[in-house]
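Observations on chain architecture
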Amino acid sequence: MSIIFHQVSREFHLYNDSISYIIKILPNDQLGQLYFGKRIHDREDFGYLLEFANRPMTSVLQDYGFSMEHVRQEYPAYGTTDFRLPALEILQENGSRLTNFTYESHRIFAGKPGLKGLPATYAEREEEADTLEITLKDRLLNMTLVLLYTIFAGESAVARSARFENHGEAPVYVTRAMSLSVDLPDCDYDWIQFSGAWSRERQVKTRRLEQGIQAVSSARGHSSHNHNPFIVLKRPGADEFQGEVMGFSLVYSGNFLAQAEVDTYNVTRVMLGINPFAFTWKLESGEDFQTPEAVMAYSQEGLNGMSQVFHRLYRTRLARGVWRDRVRPVLLNNWEATYFDFNEEKLVNIARAAKEDGVELFVLDDGWFGERSSDSSGLGDWYANLDRLPGGIRGLSEKVEALGLKFGLWVELEMVNPDSELYREHPDWALETPGRTPSQGRNQLVLDFSRKEVVDHIYGMIARILSESRVSYIKWDMNRSITECYSKAFPADRQGEIFHRYILGVYSLYERLIENFPEILFESCASGGARFDAGMLFYAPQCWTSDDSDAVERIKIQYGTSFGYPVVSMGAHVSAVPNHQLCRYTPLETRGNVAYFGAFGYELDLQKLQEDERAVVRQQIAFMKEYREVIQFGTFYRLRSPFEHNIAAWMVVSDDKKTAVVGYYKILNDVNCEFRRLRLKGLDPDMRYGVGDSDGWFYGDELMESGLVTTDASAGQPAFGEFCTDFWSRIYVLKAFC
Ligand code: DGJ
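Small disclaimer: the values here were computed from a predicted structure and weren't measured.

Our focus in this paragraph is the overall build of the chain. Broken down by element type, the chain carries 12 helices and 38 strands. Rg of the C-alpha trace for the chain: 27 Å, near the compact-globule value of 27 Å for 738 residues, within the 12% margin. When the backbone C-alpha atoms are referred to their principal axes, the chain occupies close to 85 × 70 × 40 Å. Within the chain, buried positions represent 63% of all 738 residues. Summed over its atoms, the accessible surface of the chain is roughly 27200 Å², and 49% of this surface lies on carbon and sulfur atoms. In the chain, 78 positive and 103 negative side-chain charges are present, and the distance between their average locations comes to 1 Å.

In structure tokens, the structure reads:
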């Protein structure tokens, strides 16, 4: 891995064994983009990749005789011959928005710096990454722009961010500050986005890139159920296993924009960053503004190759803390078991049954605090409701631990119900616009986390509970989008900062809790998957993937989520039937077979199951304990898409390739069907594998080339022996003979 600066050609070449990224200082001293892709040889001068043409209708830079419109750039500005949407925009005292940031200096160093107050990938040792810091200057404004690029030694990924510093006398307003902008030389790509809604998050949507702008974004104050801050460009011929793919992921949890603009010469400008809509950041003299980080990954091994880059990087160098490398406890959460209808005795009974079946962590969800008997009151009052829990959280957590379980707790620290002690005492602590009626979502308002005193107060309340009780896990929920975004603590010309300041406040609270309670496992949640983003993984190594716990829907949701996020980060639970979101009955086996591929748990009262079902649960938990190391930390492959087929499949392979677990899911049953095979991936071609309990063995190459025979009972007559049903599934465990 290296970063080279060629003095004469004024080019930077960032490379490792698999990728190259090449930047050129242009004749006008702005930055040009020459190449991003598979590793190529280094040479003194890649200048031939910079093409100029005297096109009709072109405006040219007077001193240089060329147009920025026709140059591929690194961090473009609008207004001086480039007409595409820019990476930055700065409103100045005189009303101008023009900027001219030109190369001033650079630094190349080993390792990777952190971003103050923001989540970011990291290097544990200096040899793991090299960083290029390019400083550009706008002399008229006396402003500095610092672009950071880190290339990781072992990963086909580059992490980027930008920092603006105002050294001038007058304040300026940053109205657009992307984390990443890259101009690609053509537009021969399919664009993939991960979109949906509550309970159907991250559905895979693919379309051909076309001239014009295609974008996904959020203006909800969180990354959202609707769109994910992660997009993919793939060559039309690329698929899950081969072909050129690029992924762009924003390490941020607030409003975002992910966009590709294809110009009329088919150049594709990809951008990722804070949504410029509803964003203005005032920079006083001497102040700076740091953008969030964005990560771009490259693969020639198709979509799986790209996903595996994000899986490794985010699992090992974004997630932090003691839980990063630990298998996750099998948990039982009481939400779908009781909703708000519980008392201590009921909870202890549920926990006892869970312990009997092998569960390791009991999680108490919503309803334990203040006057919280429904979702219309209590949020903000983070002390136990003693009518329900006479011994408080301390008493309950001790009882749960006495059963031999760890204890976990749900919180929603960013919110307040108008019907709460907190709101009655501090009505000005909610985000609301003066003179406007604040909208409510789930009967709640959003606390003004841009204010330190609000965050401090909430920290004090929750830290007290955590200090005096035996809490090993926190589920951190967030159940509404932000409206009427306005902080009474900031002046008029800083209101455009509040969305971002809010999420910085959330990050700061997380940071403080992690620092002071390092053994706690955090699971983020936002009405299920409305904040499943890379930013959150820095604080909480797992996230409740969706409120939809139906096994069939979950196949799609987990499949879509796996494009950008590791398996271990996906909270996945077995719930009751009929399913509470869509009333579907699915076999208990299938519910387990889907939930295994994540941070596994249960979302039901096991006492309500029949004895034979309890036996299945016991087997499931034993299975998960035996294979979770492989499932949660192995290499994950998507094999067949539920968005395209009635049969979906995925698998994980251990690092030593000696163990693999395949999940195979047939949504609707079929009759007298074809013989079936599934070509596996990632095995050692020369190893001999046994499959499940069956006799015999297969070489890895057989399983990968001719395929695992998966023909099921529906190929025969149902009356004889085994039969399939709708929503049928199977797990195949492959073990190599040593
Ligand atoms: C939304 C979450 O996604 C659910 O799992 C549950 O925790 C509820 N909130 C509780 O209010």
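Attention now moves to the nonpolar core. Residues Leu364, Trp368, Phe597 and Tyr602 are the most contacted members of the largest nonpolar core, which totals 204 residues. If sequence neighbours within four positions are ignored, Trp368 has contacts with Phe342, Trp382, Tyr383, Ala384, Asn385, Leu389, Ile393, Leu409, Trp410, Val411 and Ile465.

On to the pattern of salt bridges. Here the structure, examined in full by the defined rule, presents 63 salt bridges. With a shortest N-O distance of 3.2 Å, Glu511 and Arg320 are connected by a salt bridge. Here the residue Glu511 occupies a position in helix H7 (residues 498-516), and Arg320 occupies one in the loop between helix H1 (302-317) and strand E21 (331-333), the gap between them amounting to 191 residues. Accessibility expressed as a relative area gives 28% for Glu511, which makes it partly exposed. Via salt bridges that share partners, Glu124, Arg125, Glu127, Glu128, Arg317, Arg324 and Asp325 belong to a single interconnected network.

Not every one of the 13 residues close to the ligand is listed here, only the nearest: Asp365, Asp366, Lys475, Asp477 and Asp547. Contacts to the ligand include Asp366, whose side-chain N or O atom sits 2.7 Å from an oxygen atom. Contact distances for the ligand include 2.8 Å between an oxygen atom and a side-chain N or O atom of Arg442. With the chains in place, 97% of the 290 Å² that the ligand exposes on its own is no longer accessible. Its residues assigned to classes, the shell around the ligand shows four nonpolar, three polar and six charged.

Further remarks concern the sheet that holds strand E38 (residues 728-736). Strand order in the open sheet formed by six strands is E31-E32-E33-E38-E35-E36, and the pairing between neighbours is antiparallel. The two strands at the open ends of the sheet, each matched to only one other strand, are strand E31 (635-640) and strand E36 (698-699). Bridge analysis of strand E35 (residues 688-691) against E38 gives three bridges, and the strand direction is antiparallel. Paired with Val691 across the bridge in E38 is Leu734. Sitting on the sheet, helix H9 (residues 551-561) touches E31, strand E32 (647-653) and strand E33 (659-666), and the angle it makes with E32 is about 50°.

Quick look at the pairing of strand E2 (residues 11-15) now. Burial analysis of E2 places five of its five residues in the buried class, the great majority of the element. Side-chain alternation along E2 places Glu11, His13 and Tyr15 on one buried face and Phe12 and Leu14 on a second face that is also buried. As paired strands, strand E1 (residues 2-6) and E2 are joined by five bridges and run antiparallel to one another. Among the inter-strand pairings, Ile4 is bridged to a residue of E2, identified as His13. Joining the antiparallel neighbours E1 and E2 is a turn of four residues, in which Arg10 adopts a positive phi near 55°. Taken together, the five bridges between E2 and strand E3 (residues 19-25) define a ladder with antiparallel strand orientation. When the sheet's bridge partners are listed, Tyr15 is paired in E3 with Ser20.

Overall, parallel pairing links the eight strands, which are arranged E21-E22-E23-E26-E27-E28-E29-E30 in a closed barrel. Averaged over neighbouring strand pairs, the angle between their axes works out to 30° when direction is ignored. Relative to strand E28 (residues 542-544), strand E27 (residues 521-524) runs parallel, the two being bridged by two bridges. Bridging from a neighbouring strand, Ser524 pairs with Cys543 of E28.

Analysis parameters
Residues numbered from 1 in each chain as written. Predicted model: local features only at pLDDT ≥ 70, side-chain atom pairs only at ≥ 80, totals over all residues. Heavy atoms only, no water. Helix = DSSP H or I, 4+ residues; strand = E, 2+ residues; numbered from the N terminus. Rg over C-alpha atoms; globule rule 2.2 N^0.38 Å. Buried < 20%, exposed > 50% of the residue type's maximum accessible area, 1.4 Å probe, protein only. Areas by Shrake-Rupley, 256 points an atom, 1.4 Å probe, with all protein chains shown as cover. Lys, Arg positive; Asp, Glu negative; His and termini not counted. Charge placed at Lys NZ, Arg CZ, Asp CG, Glu CD. Core = buried A, V, L, I, M, F, W, Y, C linked by side-chain atoms within 4.5 Å. Contact = heavy atoms within 4.5 Å. Salt bridge = Lys/Arg side-chain N within 4 Å of Asp/Glu carboxyl O. Near = heavy atom within 4 Å. Polar contact = N/O pair within 3.5 Å; in protein donor to acceptor, adjacent residues only side chain to side chain. Nonpolar A, V, L, I, M, F, W, Y, C, P; charged D, E, K, R; others polar. Pairing = 2+ DSSP bridges. Axes fitted to C-alpha atoms, helices over the stretch in contact; angles between N-to-C directions.

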